[in-house]
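Structure at a glance
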Amino acid sequence: MADLANAELEQIDLAARAIAEPRRRQILALVRDEELSAGEIAAHFDVSRPAVSQHLTVLRGAGLLNERREGTSRLYRARPEGLADLRDFMNGFWTERLERLKLAAELEQQRRNKRGKRRDDGGGGRGRGVDRRKP
Amino acid sequence: MEAVEVEVWIAASPETVFDFFTDPGLMVQWMGRAVETDPQPGGGFRLEIRDDTVASGEYVAVEPPERVVFTWGWNSEDSVTKAGSSTVEVLLASERDGTHVRLIHTGLASAESATKHGHGWRHYLDRLATAAAGGDAGPDEFAEA
């Protein structure tokens, strides 16, 4: 699970890095509502076609862009759900952590109860089992 | 702002569970492999979960045994959820000889929330990009489609 969490963190970082570049944000805006070919996208910019291709590759790698082949051309469209991953990730992260918290806290409670009981058996006074664990 | 809410019931008293949010020796059992805390309002914490995965934040409210609030973020340079950018509130209530834990994580950016509020894609991207750039919004270079 830790590996999975880490992989998802990396995915989110990929998305963040992808859109940190202004031109890539412009590309995403272009294909937000309509599917465009690489050529049509490149026509909007005064940079080289390979540079645009490079941006498209980064956006696809980050899960922010869908690519579809039609004949000889490739068509691109934004994939907004790629960004919903952050919420899903944190949800999974906390669910997993709280499960671990449950196991650890229940064990700790048993330890504290035993300690409290021992003190009671020995005639000790304050044993409510709420003291800190000794190192 | 988008929120994540997670709940769990634990067979331990709220006092015991509360300590797991403040005591490094207990916190390390569920949050990572190295933990430092200064559990008072304004005090910081640092959780080393893995080599390259470190979370940190500041305690906002420390009210044993019922409530603890802290800011939350990842220390990675280009993380979307930067340190201090989101908030976690934990509520502990006695229930059935144990503790009902509610954890609410607010302040998360998401495509869903942006769409719900009518700003859509563009608004969300701007926010995410701002976060990615370390909180400096810079010029809006977004082109209309």
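A short tour of the structure in this document, coming up.

1. Digging into the overall build of chain B
Tallying secondary structure elements over chain B gives four helices and seven strands in all. Secondary structure elements of chain B occur, N-terminal to C-terminal, as β-α-α-β-β-β-β-β-β-α-α. Here the analysis covers contacts within chain B between residues at least 6 apart in sequence; of these, 35% occur between residues at least 24 apart. Here chain B has roughly 6300 Å² of accessible surface; of this, 48% comes from carbon and sulfur atoms.

2. Remarks on the environment of P24(B)
Residues and elements named next belong to chain B. Assignment of secondary structure puts P24 in helix α2 (residues 24-31). Considering only alpha carbons, one finds P24 and R46, 22 residues apart in sequence, at a separation of 9.7 Å. Each residue touching P24, except ones within four places of it in the same chain, is listed here: V35 and T37.

3. Brief notes about the packing of aromatic side chains
Two numbers describe a pair of aromatic rings. These are the distance of the centres and the angle of the planes. Residue and element names in this part refer to chain B. Evaluation of the coordinates by the stated rule reveals nine aromatic pairs over all chains. Where F21 meets W30, the ring centres are 5.1 Å apart and the plane angle is 70 degrees; that geometry is what we call edge-to-face. An identical accessibility class is assigned to F21 and W30; each is buried. It is R96 that lies over the ring of W9; its NZ or CZ is 4.8 Å from the centre.

4. Re the pairing of strand β3 (residues 44-50) of chain B
All names here are of chain B. Sheet topology note: the strand β2 (residues 34-37)/β3 ladder contains four bridges and is antiparallel. Following the sheet pairing, A34 is matched in β3 by E48. With six bridges joining them, β3 and strand β4 (residues 53-63) adopt antiparallel strand pairing. Across the sheet, the residue bridging to F45 is G57, located in β4.

Conventions adopted
Residues numbered from 1 in each chain as written. Chains lettered and ligands numbered in written order. Predicted model: local features only at pLDDT ≥ 70, side-chain atom pairs only at ≥ 80, totals over all residues. Heavy atoms only, no water. Helix = DSSP H or I, 4+ residues; strand = E, 2+ residues; numbered from the N terminus. Contact = heavy atoms within 4.5 Å. Areas by Shrake-Rupley, 256 points an atom, 1.4 Å probe, with all protein chains shown as cover. Phe/Tyr/Trp six-rings, centres within 6.5 Å; stacked < 30°, edge-to-face > 60°. Buried < 20%, exposed > 50% of the residue type's maximum accessible area, 1.4 Å probe, protein only. Lys NZ or Arg CZ within 6 Å of the ring centre and 35° of its normal. Pairing = 2+ DSSP bridges.

Keep in mind these numbers describe shape, not what the thing actually does.
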